[in-house]
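A closer look at the structure
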Protein chains: 2
Amino acid sequence: MSQCFYMPVKVIYGPHCVAENAALFAGFGKKALIVTSPSSAKNGALQEVTEALSSQGIAWGVFDRCENNPSLEMTDCLGEFARQDKYDFVIGIGGGSAMDSAKAASVLAVNDYPAAKLFENRFPHAPLPLIEVPTTAGTGSEVTYNAVITIDGGRNKKSFGTPVTHAKLAFLDARYTETLPMRLTRYTALDALAHAIEGFLSCKATPAGSMVAKEVFRIFAKNHGALCGDSLTPAVRQELLLNAMYAGIVIAQERTIAVHSLSYPLTAMRGVQHGLAVSLPMASFLEICYSGAKEKIDELLGILGLTELGQFRGYIGRLMDDKNTYTRAEVEEFVSIAGQGAIGRNNPVTLTLDDVRNIYLTSLALSD
Amino acid sequence: MSQCFYMPVKVIYGPHCVAENAALFAGFGKKALIVTSPSSAKNGALQEVTEALSSQGIAWGVFDRCENNPSLEMTDCLGEFARQDKYDFVIGIGGGSAMDSAKAASVLAVNDYPAAKLFENRFPHAPLPLIEVPTTAGTGSEVTYNAVITIDGGRNKKSFGTPVTHAKLAFLDARYTETLPMRLTRYTALDALAHAIEGFLSCKATPAGSMVAKEVFRIFAKNHGALCGDSLTPAVRQELLLNAMYAGIVIAQERTIAVHSLSYPLTAMRGVQHGLAVSLPMASFLEICYSGAKEKIDELLGILGLTELGQFRGYIGRLMDDKNTYTRAEVEEFVSIAGQGAIGRNNPVTLTLDDVRNIYLTSLALSD
């Protein structure tokens, strides 16, 4: 069975990369729709992007009401906004939520249908060209074509996307991540690690994806100590931003496996930040998979500088601080929401619903 | 200064990948121009590609007169051939020469000008979509946008290309490399190694390019013993083909440095096979660069399993067998042809023409 490597996004990275490459915007048209969240006004990204657009004589409109874990309702509002004017291209500025919403906007601007239809992955009119500017170092959404929307009245998440929803261009300037609190910086770094681990362990893993995944492990390990501390140097932040992009390349090839599914109800129902939510079940997931993926998990542990799997929980635990407790009844609900999705993924071993339940029970702090 | 990672070619790899993905051809149109050399009839690639085209109801024309190290004259013939019919897309099948010629054909089919104008990199009509099918594991041309043509009456080489001459798609099936003699298999593997070393040592090296370069070193080192032997397993051949593509990704980001320049007159004037020609000067080049690039060269040596630079000459020497001898007068001519080009590249140390002369004198077997 043949395999594929495809990552068509042009990635430009380094401090001041937006200003240095302002001329590139001119190739996309005369009017940009900027999709972002209120916080992007504070980290400098929105200002630098609009300065670059001004320098090229490009007009813009701003939708800055992106919420974390975008809902169908918000995505419908965004679609209406995007169709109110004639935009030539879309610029997403923010974390995964804003960048994913920008993907939705690029489709909905030219396809007048409800956001719920995005999941059908049929785009009669080709999405507008998309540029992504991440302001967190975690999601890798700038190099994947998928976008996640919260569904079921806030109980689960679902994704849409095909190769045509890839961005054309991404600007990675870690200066925009400097205002992010350390807690969120740790969670986003964990999110990138989870992407790489899941892609690496997927039974659809490819040589090219695995090469990149192992680089993600190396860079994560190199910066683990710094992430445990109180602040990061600009160089470390730039490396972490690059690492999140690499991890995005991995899931763009292999997709995520059970862990991402398991995380969705934690985020949708209890508001657990995404990077934390994918990290909570990771140690138990690796333990359950160890029998079927010993060689790969040992390779991962070796790169992280760990000598046995038992150390992994503490290793990532130092970056996590989930204050929540969960009832057994809630766990049952998580299993019912995420279980089928989790066991249907390309996991390295066959999982059962009992495995899923055990992963939750051994990963979460129970209150009963 | 910002950096860039861009590799838009969709790469599909594995045994029988052409047949398994025949439907992909249908997206490119109704008539294909196949650009290849006579040998592709023997390795099965031409037959499998035309079977795939037939299965999709796509017609084709074949230009099978590609020569090694294509000249301007041959490229002009190819251009005329390409304009004689209305083709929708181009398929290059072969080693670097055929794949580079296919890039020329994709431009010349829709731009009626002499091949010599290619070097201006102005393509008033967008090149036809291009698909590349390598049948050697060395050049990486399937993922770079550059193409090399022999100029100056056969004394030197020059390249053209911009991002629009990138292929859309590449099929990597190592079964097509099985008819390649071991000697050429070794040379092409050395070519890939040279691409990775040059990109890694370039003063324009980027983190993403260096990540891939180090993977090339790892895969080369893993298969060095097998390359010294008499035959290769299909799995090793597939890995070497993937490695050549990786090395192509490296030079697509960083470009080659002095060593490629130094090789050009060896090939153009003495017919030294390209992979051999880039490998002959490599050890001396590394020795001259060592003072300015110690850390990187030590990292390269470490991955290759060597403890000191002095071992490198023997390590790649086991894969080389240049039977030529050269006069000092010839060396002077090589210096005059390639010297300025070599010292003007992004080398890790500043080279002089004396350095260039010394590299040639310490790398070639002299007859006087």
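Our subject is the structure that appears above.
Residues numbered from 1 in each chain as written. Chains lettered and ligands numbered in written order. Predicted model: local features only at pLDDT ≥ 70, side-chain atom pairs only at ≥ 80, totals over all residues.

**Here's the deal with the overall build of chain A**
Broken down by element type, chain A carries 14 helices and eight strands. A globule of 368 residues ought to have a C-alpha radius of gyration of about 21 Å, and chain A, at 20 Å, matches this closely. Once the C-alpha set of chain A is aligned to its principal axes, its extents read approximately 60 × 45 × 40 Å. Per-residue burial for chain A yields a buried fraction of 56% across its 368 residues. Residue pairs in contact within chain A that sit at least 24 positions apart in sequence constitute 80% of those at least 6 positions apart. (Helix = DSSP H or I, 4+ residues; strand = E, 2+ residues; numbered from the N terminus. Rg over C-alpha atoms; globule rule 2.2 N^0.38 Å. Buried ≥ 20, exposed ≤ 12 C-beta atoms within 10 Å, placed from the backbone. Contact = placed C-beta atoms within 7 Å.)

**So, the interface of chain B and chain A**
A common measure of how large an interface is: the accessible area buried when the components associate. Contacts between the two partners involve 20 residues from chain B, matched on the other side by 20 residues from chain A. Among the secondary structure elements, those contributing two or more residues to the side of chain B that touches chain A are strand 1 (3-13), helix 1 (17-20) and helix 6 (207-228) of chain B. Looking at which element gives the most residues to the side of chain B that touches chain A, the answer is strand 1 of chain B, with 10 residues. Split into classes, the residues belonging to the side of chain B that touches chain A amount to 13 nonpolar, four polar and three charged. Pairing between strand 1 (residues 3-13) of chain A and strand 1 of chain B: seven bridges, direction antiparallel. By the bridge assignment for strand 1 of chain B, Gln3 of chain A is matched with Tyr13 of chain B. (Nonpolar A, V, L, I, M, F, W, Y, C, P; charged D, E, K, R; others polar. Pairing = 2+ DSSP bridges.)

**Considerations on the environment of Val212 of chain B**
Residues and elements named next belong to chain B. Along the polypeptide, Val212 turns up in helix 6. Spatially, the C-alpha atoms of Val212 and Phe200 are 9.0 Å apart, while their sequence positions differ by 12 residues. Not counting the four nearest positions on each side in its chain, Val212 is found in contact with Tyr246, Ile249 and Val250.

**What to know about helix 8 (residues 258-270) of chain B**
Residue and element names in this part refer to chain B. An ideal rise of 1.5 Å per residue puts 18 Å on 13 residues; helix 8 measures up with 19 Å between its terminal C-alpha atoms. With 11 of 13 residues buried, helix 8 lies mostly within the body of the structure. Among the residues making up helix 8, those that are buried are Ala258, Val259, His260, Ser261, Leu262, Ser263, Tyr264, Pro265, Leu266, Thr267 and Ala268. Once helix 8 finishes, Gly271 follows within two positions and takes phi at roughly 70 degrees, a positive value. (Expected span 1.5 Å × (residues − 1).)

**What about the packing of helix 5 (residues 182-201) of chain A against helix 7 (residues 234-254) of chain A?**
Residue and element names in this part refer to chain A. Between helix 5 and helix 7, the least distance of the axes is 8 Å, while the angle of their chain directions is 30 degrees. Helix 5 and helix 7 meet at a crossing whose hand is left-handed. Here Thr188, Ala189, Ala192, His195, Ala196, Glu198 and Gly199 of helix 5 come into contact with helix 7, specifically with Leu240, Asn243, Ala244, Ala247, Gly248, Val250, Ile251, Gln253 and Glu254. When grouped by side-chain class, the residues that make up the contact of helix 5 with helix 7 number eight nonpolar, six polar and two charged. (Axes fitted to C-alpha atoms, helices over the stretch in contact; angles between N-to-C directions. Left-handed = near helix turned anticlockwise from the far one by under 90°.)

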